[in-house]
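So the chains spell out like this:
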There are 2 protein chains.
Amino acid sequence: MNILLTSAGRRTYLVDYFKEALKMAGQGGLVHAANSEASPAFYNADRQVVTPLIYDRGYIPFLLDYCGKWQIDLLIPLFDIDLPVLSANSEAFARQGTVVVTAKPEAIEVCNDKWKTYQTLKGRGIRTPESWLSAEDAVRAVEAGEASYPLVLKPRWGMGSLSVYEADNEEEVRVLEKKIRKEIQESYLKYEAARDCAACVILQQKITGREWGVDVANDLKGDFRTAVAKVKSNMRAGETDGAMTVEEPRLEELGRELSGILRHKGNLDVDVLESGGEYYVLEMNARFGGGYPFSHAAGLNLPYALVMWASGREPEKEFLQARTGVRGQKDIRILVY
Amino acid sequence: MNILLTSAGRRTYLVDYFKEALKMAGQGGLVHAANSEASPAFYNADRQVVTPLIYDRGYIPFLLDYCGKWQIDLLIPLFDIDLPVLSANSEAFARQGTVVVTAKPEAIEVCNDKWKTYQTLKGRGIRTPESWLSAEDAVRAVEAGEASYPLVLKPRWGMGSLSVYEADNEEEVRVLEKKIRKEIQESYLKYEAARDCAACVILQQKITGREWGVDVANDLKGDFRTAVAKVKSNMRAGETDGAMTVEEPRLEELGRELSGILRHKGNLDVDVLESGGEYYVLEMNARFGGGYPFSHAAGLNLPYALVMWASGREPEKEFLQARTGVRGQKDIRILVY
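As a starting point, this report considers the structure included with it. This structure is a prediction, so every number in the text was calculated from the model and none was measured. (Residues numbered from 1 in each chain as written. Chains lettered and ligands numbered in written order. Predicted model: local features only at pLDDT ≥ 70, side-chain atom pairs only at ≥ 80, totals over all residues. Heavy atoms only, no water.)

Examining the overall build of chain A
Piece 1. A tally of regular secondary structure across chain A gives 13 helices and 15 strands.
Piece 2. In terms of overall size, chain A behaves like a compact globule, its C-alpha atoms giving a radius of gyration of 20 Å where 337 residues would be expected to give roughly 20 Å.
Piece 3. Its C-alpha atoms give chain A principal-axis dimensions of about 65 × 45 × 40 Å.
Piece 4. Sorting the 337 residues of chain A into buried and exposed places 57% on the buried side.
Piece 5. Relative to all contacts within chain A whose residues are 6 or more apart in sequence, the contacts with residues 24 or more apart total 63%.
Piece 6. Working note: accessible area of chain A is about 13,400 Å², and carbon and sulfur atoms make up 47% of it. (Helix = DSSP H or I, 4+ residues; strand = E, 2+ residues; numbered from the N terminus. Rg over C-alpha atoms; globule rule 2.2 N^0.38 Å. Buried < 20%, exposed > 50% of the residue type's maximum accessible area, 1.4 Å probe, protein only. Contact = heavy atoms within 4.5 Å. Areas by Shrake-Rupley, 256 points an atom, 1.4 Å probe, with all protein chains shown as cover.)

Written out as structure tokens, the structure reads:
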């Protein structure tokens, strides 16, 4: 069985997890990495391939050709920009035997478009921060007593901590809203924002409280298998640097519900804020996220489960469970070329 | 010989370098780590000690007591907030045989106060971005044609990417200047900013160009020993994620000059921007910085040199040199407790 990870970046550990998964499943085959530039995970794979840029017209034909030639069974996208592009072409990949491990295009749009995230969650009665698509609406909500400063402003189609600001008053809301709009046009975020330039900034009620992450594991049919809740101990530039697995039935239940809504394949990475004893879903991504290694360290082995499912077998039950109370932290390792 | 690193955080590699340095020098002894909270480097040390917070009155008495009891020879601070506090007490440490490896208080102030950095460099004829201490002055400079947008605004006493913003016009300058002032008061940056609250935000001409880092190694007398220049390949949240050593005599000469000005002990981490063929010094820190491991990977072994100097010996010449063309990248490693 052959596996291709795209945009693995510094997630060398994921390459290792998949190499190990093949061994554990008694499978031959290689772990490939596709990236547009040199990165540690890229060099750690069994084989590397430099692809055209994701927005290039040649990207999909190139990958289809590559996956066909190398008989790739599982194509695992790891970058938010990559998800909709690969998902939209998942049938072409399927025809040649390659499963794209993420959600369907509609579900990815729910994740990538923060306004759709908000609407979808609200529609299901799931708590999420109040959100607005214009400075006017947000300021009016504060004046009406329905919201309060600080508000968080960010690109509606955005990721990580790119162009994320906090506003403490109306003046900041207005100036920062304009500023983000400008920054979007100057970055690669402009591609997705082009769908609706007038409403490409989202304003949200800031919620202060403990940060949680949930990994929601579905099988290759999109059926729920498990959810692992972690409390985050430290963050850096929007990424989880430390976390501990915790038994939290309400978050596991929430994970099951989100799984049913999105019907993704593989992992769904969910960011949650806790405030006043309530959980607010902040963001969802239908891929392995920066918090996955902490679930993995606690016993969840989704790469192994994916390999087993792809070979028509069922993984042993213990690999779809995580022990609670396992604390992990990210450390720096230097690789030299 | 015993060594204590304070605030090592995720720099587990530095703990390893010092452990190895003791071995290479044929020295017994332990590498200790002092931190106020759990971190990977902390657990990687031979011994750990949880200290009072840096601004606590008990911090220095606690460390003096600890260093005396464990016969610490080298005390290596790794956090900007820690440098002035330990430096100011370096004589008390010296009396019990502990060398604080950084610069004298006046030199640390030149590094930590970005306005003093600017004045000092200008006074020596070293290029650095034009800077102002008020929105008025910066806006006036743009109107007079002496500067142009974007400007970078940041806390005068600040670090990393905390409260760093770019302004593209006068409105943004004014709103962001107020905003940073507010953010300083809400963070631990307020302690140093208390020296001059009215002028705690610095505005600088943004310079676009290649980013370089220079490690300037001095011995324990503060004499220059070597300078290693690196071009940075990727950055994340103000930290160098990838770099390559390059032979660049002008930067080595600049390093020698800065060494003569600051007379620090150990490492000086220098951030440089290149624009139009000229080098602009952006920031200096009299400690091992996030770019040091790339110099180390290329052959510079300052931890070993420090151990040798502290034991009255001279390191072999090759450990104060770095090969050029060595490319390194930071990768993520997961540690579990």
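Examining the environment of Ser-311 of chain A
Residue and element names in this part refer to chain A.
Piece 1. Inspection of the secondary structure assignment puts Ser-311 in the loop between helix H13 (302–310) and strand E15 (327–336).
Piece 2. The sequence separation of Ser-311 and Asp-73 amounts to 238 residues, and the corresponding C-alpha distance is 9.2 Å.
Piece 3. Within the structure, Ser-311 has its side chain in polar contact with the side chain of Arg-313 (distance 3.2 Å). (Polar contact = N/O pair within 3.5 Å; in protein donor to acceptor, adjacent residues only side chain to side chain.)

Quick notes on the pattern of salt bridges
Piece 1. Within the structure shown, the criterion is met by 52 salt bridges over all chains.
Piece 2. With a shortest N-O distance of 2.9 Å, Arg-174 of chain A and Glu-170 of chain A are connected by a salt bridge. Placement of the pair is Arg-174 of chain A and Glu-170 of chain A together in helix H9 (residues 170–185), with a separation of four residues, close to one helical turn.
Piece 3. Each member of the salt-bridge network shares a partner with another, and the members are Asp-168 and Glu-172 of chain A together with Lys-179, Lys-182 and Glu-183 of chain B. (Salt bridge = Lys/Arg side-chain N within 4 Å of Asp/Glu carboxyl O.)

Quick word on the interface of chain A and chain B
Piece 1. Taken together, the contact between chain A and chain B spans 40 residues of the former and 40 residues of the latter.
Piece 2. In total, chain A and chain B occlude about 3,800 Å² of area from one another, counting both sides; carbon and sulfur atoms represent 51% of this.
Piece 3. Broken down residue by residue, the surface that chain A buries against chain B is led by Arg-10, Asp-331 and Ile-332 of chain A, which jointly contribute 21%.
Piece 4. Between the two partners, chain A and chain B, sit twelve salt bridges.
Piece 5. Notably, a salt bridge pairs Arg-333 of chain A with Asp-331 of chain B, separated by 2.8 Å at the nearest N-O pair.
Piece 6. Summed over the shared surface of chain A and chain B, the number is 18 residue pairs in polar contact (both at pLDDT 80 or more).
Piece 7. The greatest single-element share of the side of chain A that touches chain B, amounting to ten residues, is contributed by E15 of chain A.
Piece 8. Taken together, the residues of the side of chain A that touches chain B sort by class into 19 nonpolar, five polar and 16 charged.
Piece 9. Bridge analysis of E15 of chain A against strand E15 (residues 327–336) of chain B gives nine bridges, and the strand direction is antiparallel. Bridge assignment links Gln-329 of chain A to a residue of E15 of chain B, and that residue is Leu-335 of chain B. (Buried area = accessible area lost by both parts, 1.4 Å probe. Nonpolar A, V, L, I, M, F, W, Y, C, P; charged D, E, K, R; others polar. Pairing = 2+ DSSP bridges.)

Thoughts on the packing of aromatic side chains
Residue and element names in this part refer to chain A.
Piece 1. One pass over the structure, following the stated rule, counts 19 aromatic pairs over all chains.
Piece 2. Ring geometry for Trp-212 against Tyr-279: centres 5.7 Å apart, planes inclined by 85°, an arrangement best described as edge-to-face. Taken together, the residues Trp-212 in strand E10 (residues 210–218) and Tyr-279 in strand E14 (residues 278–285) connect sequence positions 67 residues apart. The same class applies to Trp-212 and to Tyr-279, which are both buried.
Piece 3. For the pair Phe-288 and Tyr-292, a centre-to-centre distance of 4.8 Å together with 75° between the ring planes defines the contact as edge-to-face. (Phe/Tyr/Trp six-rings, centres within 6.5 Å; stacked < 30°, edge-to-face > 60°.)

Quick notes on the pairing of strand E1 (residues 2–6) of chain A
Residues and elements named next belong to chain A.
Piece 1. Extensive coverage of E1 is indicated by the burial of five of its five residues.
Piece 2. On E1, burial covers both faces: Asn-2, Leu-4 and Thr-6 on one face and Ile-3 and Leu-5 on the other are all buried.
Piece 3. Of the pairings in the sheet, the one linking E1 to strand E4 (residues 72–77) comprises five bridges and is parallel in character. Bridge pairing in E4 places Leu-4 opposite Leu-75.
Piece 4. Both E1 and strand E2 (residues 31–35) contribute to a ladder of four bridges, which runs parallel. Bridge assignment links Ile-3 to a residue of E2, and that residue is Val-31.
Piece 5. This β-α-β element, E1 to helix H1 (residues 12–24) to E2, shows right-handed connectivity. (Right-handed = clockwise from strand over helix to strand, strands pointing away.)

By themselves, these are just geometric observations and shouldn't be taken as functional.
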